[in-house]
Amino acid sequence: NLPFSHIGVKLIKELSFLMPYGIGNSEPVFSTNDIRIKNRPRDIGRSGFKFLATCGNLTCEAITFKKNDIKKPRDGDIVNLAYTPSINNWGGIDSIQLNIKDLQVVEEA
């Protein structure tokens, strides 16, 4: 269980030293509990969604491109999240992005 306060650019850059990922070297997956969904999740592409996740003082974008069996949460839900952190560069601005691997709604809004 990784506290949100430990997620940052430094950690993500250190994880890049573990690359390349593949057979025999899986990408690290972290989990954080009691994350609040800060906005209404919106669909992206044909089978994905994204939302803002907040825990403590940190808010990050969380995204999945393949819903599969992942239930889309609602604004205000509290979730446990399994993810891989990455840096998203959009318009020249770096931000932390959580690539969702699994999600469990523990308290509905």
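Residues numbered from 1 in each chain as written. Predicted model: local features only at pLDDT ≥ 70, side-chain atom pairs only at ≥ 80, totals over all residues. Heavy atoms only, no water.

Concerning the nonpolar core
For step 1, the next point in the chain: In terms of nonpolar packing, the biggest core is built from 19 residues, with Phe4, Phe51, Leu81, Leu98 and Ile100 touching the most fellow members.
For step 2, the next point in the chain: Put simply, the parts of the chain that give this core at least two residues each are β1 (30-37), β3 (48-55), β4 (58-64), β5 (78-90) and β6 (93-107).
For step 3, the next point in the chain: With 4 residues, the single largest contributor to this core is β6. (Core = buried A, V, L, I, M, F, W, Y, C linked by side-chain atoms within 4.5 Å. Buried < 20%, exposed > 50% of the residue type's maximum accessible area, 1.4 Å probe, protein only. Helix = DSSP H or I, 4+ residues; strand = E, 2+ residues; numbered from the N terminus.)

Re the pattern of salt bridges
For step 1, the next point in the chain: All told, the structure shown has 4 salt bridges when counted by the stated rule.
For step 2, the next point in the chain: Note that Lys50 and Glu61 form a salt bridge whose closest N and O atoms lie 3.3 Å from each other. Within this pair, whereas Lys50 is found in strand β3, its partner Glu61 is found in strand β4, the two being separated by 11 residues in sequence.
For step 3, the next point in the chain: Residue classification places Lys50 among the buried positions, given a relative accessible area of 19%.
For step 4, the next point in the chain: Two residues, Glu108 and Arg74, come together in a salt bridge whose shortest N-O distance is 3.4 Å. (Salt bridge = Lys/Arg side-chain N within 4 Å of Asp/Glu carboxyl O.)

A few points about the pairing of β5
For step 1, the next point in the chain: Bridge count between β1 and β5: 5 bridges; the pairing is antiparallel. Bridging across to β5, Ser31 finds its partner in Ala82.
For step 2, the next point in the chain: The turn linking β5 back onto β6 is made up of 2 residues, and Gly91 within it adopts a positive phi angle of 65°. (Pairing = 2+ DSSP bridges.)

A word on the side chain of Thr54
For step 1, the next point in the chain: Note that Thr54 resides in strand β3.
For step 2, the next point in the chain: Here Leu58 takes part through its backbone oxygen, which lies 3.3 Å from a polar atom of the side chain of Thr54. (Polar contact = N/O pair within 3.5 Å; in protein donor to acceptor, adjacent residues only side chain to side chain.)

Things to note about the environment of Ser16
For step 1, the next point in the chain: By the element assignment, Ser16 lies in the loop between α1 (9-15) and β1.
For step 2, the next point in the chain: Taking relative accessible area as the criterion, Ser16 reaches 36% and is therefore assigned partly exposed.
For step 3, the next point in the chain: With 16 residues separating them along the chain, Ser16 and Thr32 place their C-alpha atoms 20 Å apart.
For step 4, the next point in the chain: A polar atom in the side chain of Ser16 sits 2.5 Å from the backbone oxygen of Lys13.

Some points on the packing of aromatic side chains
For step 1, the next point in the chain: A complete count under the given rule lists 1 aromatic pair for this structure.
For step 2, the next point in the chain: Taking 6.2 Å as the distance between ring centres and 20° as the angle between the ring planes, the aromatic pair formed by Phe49 and Phe51 counts as stacked.
For step 3, the next point in the chain: On the accessibility criterion, Phe49 (0% relative accessible area) is buried. (Phe/Tyr/Trp six-rings, centres within 6.5 Å; stacked < 30°, edge-to-face > 60°.)

A few points about the confidence of the model for the protein chain
For step 1, the next point in the chain: Across the protein chain, the average pLDDT comes to 91, with 99% of residues at 70 or higher.
For step 2, the next point in the chain: When pLDDT is averaged over each element of the protein chain, β1 comes out on top at 95 and α1 at the bottom at 90. (pLDDT = per-residue confidence, 0-100.)

Remarks on the side chain of Gln97
For step 1, the next point in the chain: Along the chain, the position of Gln97 falls in strand β6.
For step 2, the next point in the chain: Side-chain polar atoms of Gln97 contact the side chain of Asn99, separated by 3.1 Å.
For step 3, the next point in the chain: Apart from the residues within four sequence positions on either side, Gln97 is in contact with Glu61, Ile63, Thr84, Pro85, Ser86 and Asn88. (Contact = heavy atoms within 4.5 Å.)

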